[in-house]
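# Examining the three-dimensional arrangement
For reference, the chains in residue letters:
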There are 2 protein chains.
Amino acid sequence: MWQLYQFPLCPFSRKVRLLLGEKGIGYELVRESPWEKRDEFIDLNPAGRTPVLVDAERGTVLIESAAICEYLEETVNQAPMISGTAVNRAEIRRLTIWCDEIFHAEVGEPMMRERMVKRLVHRQSPDAGALRQAMKAGNVLLDYLDYLLDHRTWLAGATFSLADLAAAAHISVADYLGGIDWRGHEQTKRWYSGLKSRPSFRPLLSERMEVISPPAHYDKPDF
Amino acid sequence: MWQLYQFPLCPFSRKVRLLLGEKGIGYELVRESPWEKRDEFIDLNPAGRTPVLVDAERGTVLIESAAICEYLEETVNQAPMISGTAVNRAEIRRLTIWCDEIFHAEVGEPMMRERMVKRLVHRQSPDAGALRQAMKAGNVLLDYLDYLLDHRTWLAGATFSLADLAAAAHISVADYLGGIDWRGHEQTKRWYSGLKSRPSFRPLLSERMEVISPPAHYDKPDF
Ligand SMILES: N[C@@H](CCC(=O)N[C@@H](CS)C(=O)NCC(=O)O)C(=O)O
Ligand SMILES: N[C@@H](CCC(=O)N[C@@H](CS)C(=O)NCC(=O)O)C(=O)O
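Everything numeric here is computed off the predicted structure, so don't read it as measured data.

## Quick word on the sheet that holds strand E1 (residues 2–6) of chain B
Whenever strands of a sheet pair, they do so through backbone hydrogen bonds, lying parallel or antiparallel. All names here are of chain B. Strand order across the open sheet formed by 4 strands is E2-E1-E3-E4, with mixed pairing between neighbours. Across the chains shown, the open sheet's two edge strands, defined by having one partner strand only, are strand E2 (27–31) and strand E4 (60–63). Each strand axis lies, on average, 20° off the axis of its neighbour in the sheet, ignoring direction. Bridge count between strand E3 (residues 52–55) and E4: 4 bridges; the pairing is antiparallel. Bridge assignment links Leu 53 to a residue of E4, and that residue is Leu 62. In the packing of helix H1 (residues 11–23) onto the sheet, contacts are made with E1, E2 and E3, and the angle to E1 comes to roughly 155°.

## Looking at the domain arrangement of chain A
Interface size, as often reported, equals the accessible area lost upon joining of the parts. Residue and element names in this part refer to chain A. The domain architecture assigned to chain A consists of domain 1 (2–75) and domain 2 (86–205). Distance from the C-alpha centre of domain 1 to the C-alpha centre of domain 2: 20 Å. Residue-level contacts link 16 residues of domain 1 with 23 residues of domain 2. Between domain 1 and domain 2 lies a buried interface of about 1,900 Å² when both sides are counted; carbon and sulfur atoms form 73% of it. Broken down residue by residue, the surface that domain 1 buries against domain 2 is led by Leu 9, Arg 14 and Leu 18, which jointly contribute 36%. The shortest N-O distance in the salt bridge between Arg 93 and Glu 70 comes to 2.7 Å.

## Remarks on the layout of surface pockets
Computed from the structure, the second largest pocket encloses a volume of approximately 330 Å³. Going through the elements one at a time, helix H4 (86–122) and helix H5 (128–151) of chain A together with E4 of chain B are the ones with two or more residues in the lining of the second largest pocket. Here the residues of the lining of the second largest pocket are counted per class, giving 10 nonpolar, 3 polar and 3 charged.

## Let's talk about the site of ligand 2
Within the structure, ligand 2 sits among 13 residues, and Glu101(A), Arg49(B), Thr50(B), Glu64(B) and Ser65(B) are positioned closest to it. Ligand 2 is flanked by residues contributed from chains A and B. Between Glu101(A) and ligand 2, the recorded distance is 2.7 Å, taken from a side-chain N or O atom to a nitrogen atom. Against a free-state accessible area of 510 Å², the protein chains account for coverage of 79% of ligand 2.

## Notes on the interface of chain A and chain B
The interface is formed by 23 residues belonging to chain A together with 23 residues belonging to chain B. For the pair chain A and chain B, the summed buried area comes to about 2,000 Å², and 68% of that belongs to carbon and sulfur atoms. Per-residue buried area on chain A facing chain B is highest for Glu74(A), Arg93(A) and Arg94(A); these three make up 21% of the total on that side. Notably, a salt bridge pairs Arg49(B) with Glu101(A), separated by 2.6 Å at the nearest N-O pair.

## Looking at the side chain of Arg17(B)
Along the chain, the position of Arg17(B) falls in helix H1. Setting aside residues no more than four positions away along its own chain, Arg17(B) makes contact with Leu4(B), Gln6(B), Tyr27(B), Leu29(B), Leu204(B) and Glu207(B).

About the thresholds
- Residues numbered from 1 in each chain as written.
- Chains lettered and ligands numbered in written order.
- Predicted model: local features only at pLDDT ≥ 70, side-chain atom pairs only at ≥ 80, totals over all residues.
- Heavy atoms only, no water.
- Pairing = 2+ DSSP bridges.
- Helix = DSSP H or I, 4+ residues; strand = E, 2+ residues; numbered from the N terminus.
- Axes fitted to C-alpha atoms, helices over the stretch in contact; angles between N-to-C directions.
- Contact = heavy atoms within 4.5 Å.
- Domains from an automatic or database assignment.
- Buried area = accessible area lost by both parts, 1.4 Å probe.
- Salt bridge = Lys/Arg side-chain N within 4 Å of Asp/Glu carboxyl O.
- 1 Å grid on protein atoms, 1.4 Å probe; cavity = no way out; pocket = protein on both sides within 12 Å on 5 of 7 lines; lining within 4 Å.
- Points joined across faces, edges and corners; volume = space filled by probe spheres on them.
- Nonpolar A, V, L, I, M, F, W, Y, C, P; charged D, E, K, R; others polar.
- Near = heavy atom within 4 Å.
- Polar contact = N/O pair within 3.5 Å; in protein donor to acceptor, adjacent residues only side chain to side chain.
- Areas by Shrake-Rupley, 256 points an atom, 1.4 Å probe, with all protein chains shown as cover.

Shown next as structure tokens:
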């Protein structure tokens, strides 16, 4: 049985969970707070970051969400999520990385730092300026997703792919933390509403991170 | 003919160039300074980052070094660099990302910022504290590579892989900028000396970034 080391608001773990869900692969959650830098966790992943996917019986330890997703894609035929021509696959990977790096750096990471890490670890209040800046950046980045969805059925093209799962994972964390202003983003909103209704997404939306409550619309497919 | 948008000290472009070289794929260099944020370049890649690999005749535009490397691996059989079992491939990808994210964030990016961007763009001198910190981080990260090479022939295991190319690319940029103290890193030094002798690496080592000179040992396989 796979065990996924993660915490509820880790967007990279959410991406992996959505992929596991779509592929119908069973797994157990192991709660890990990487900021605690537990020795046993550093032994597992010297970079000290979630997610880590472990199959203890086989001695398999998979690290880095992109490597985990490629592994699952290569080993499980069900629900291919990096498919099509080599050019299609490059576009799926480009947008997945865009979410993991650009959206995360400009929106997810500052939202998590200000609203989660500062609260849980440092017992500080968030910096209003940093929150404003992250929301502003999110607005610009959602414009880009709107633009893509004006031209395509799914983010990377004609088929549902890992790029959609990655975007939904990152957006859901930012949305939980109050970092998304949905006004003026009809295309992305419609697409995200469809994502929220998927069976792979329901368990994530019903989880809560202690102390921090999401806005009322957070888990509603109709919002 | 492929065209690679890059500049001489972009480690992600170097990784792609090493892979193109190993696979024997011809390409042309197009000089791009992403900090200038040229409109035509932003049109090509909305994230405004190098590398971008373009085949103008076919209208193919590949963005994100990881997506480019996977594309080349999928389309060119020569010199497979992400090979072996699914677990081997996951390890190759983990270490490639480790270089691209951890080594770059802690060593390459600060070295480039302090010694290249500040000089070329802001006409400022580097911050000595930031340089010291990057070198200290580099020392700790090279210890990890030493440890891997104590147990393995190549970074990701028994075969030469993309992880070796990625590590060589990132180390070469930090080394150019004077950020690597080789003392005490015999394993990594021996491995890197082998890498430097490869035909794929020679053209990179002979290039210079204007205004900035590398240390004397930089391009010598024996150092
Ligand atoms: N590239 C990594 C990023 C993982 C990551 O940044 N995880 C965060 C939690 S969302 C973490 O563990 N941060 C702790 C740290 O960086 O020390 C992946 O895709 O798995
Ligand atoms: N994840 C990207 C990273 C590329 C990257 O950060 N490139 C740097 C140059 S080494 C860049 O263009 N920076 C300009 C910017 O971030 O605006 C890749 O692997 O291609």
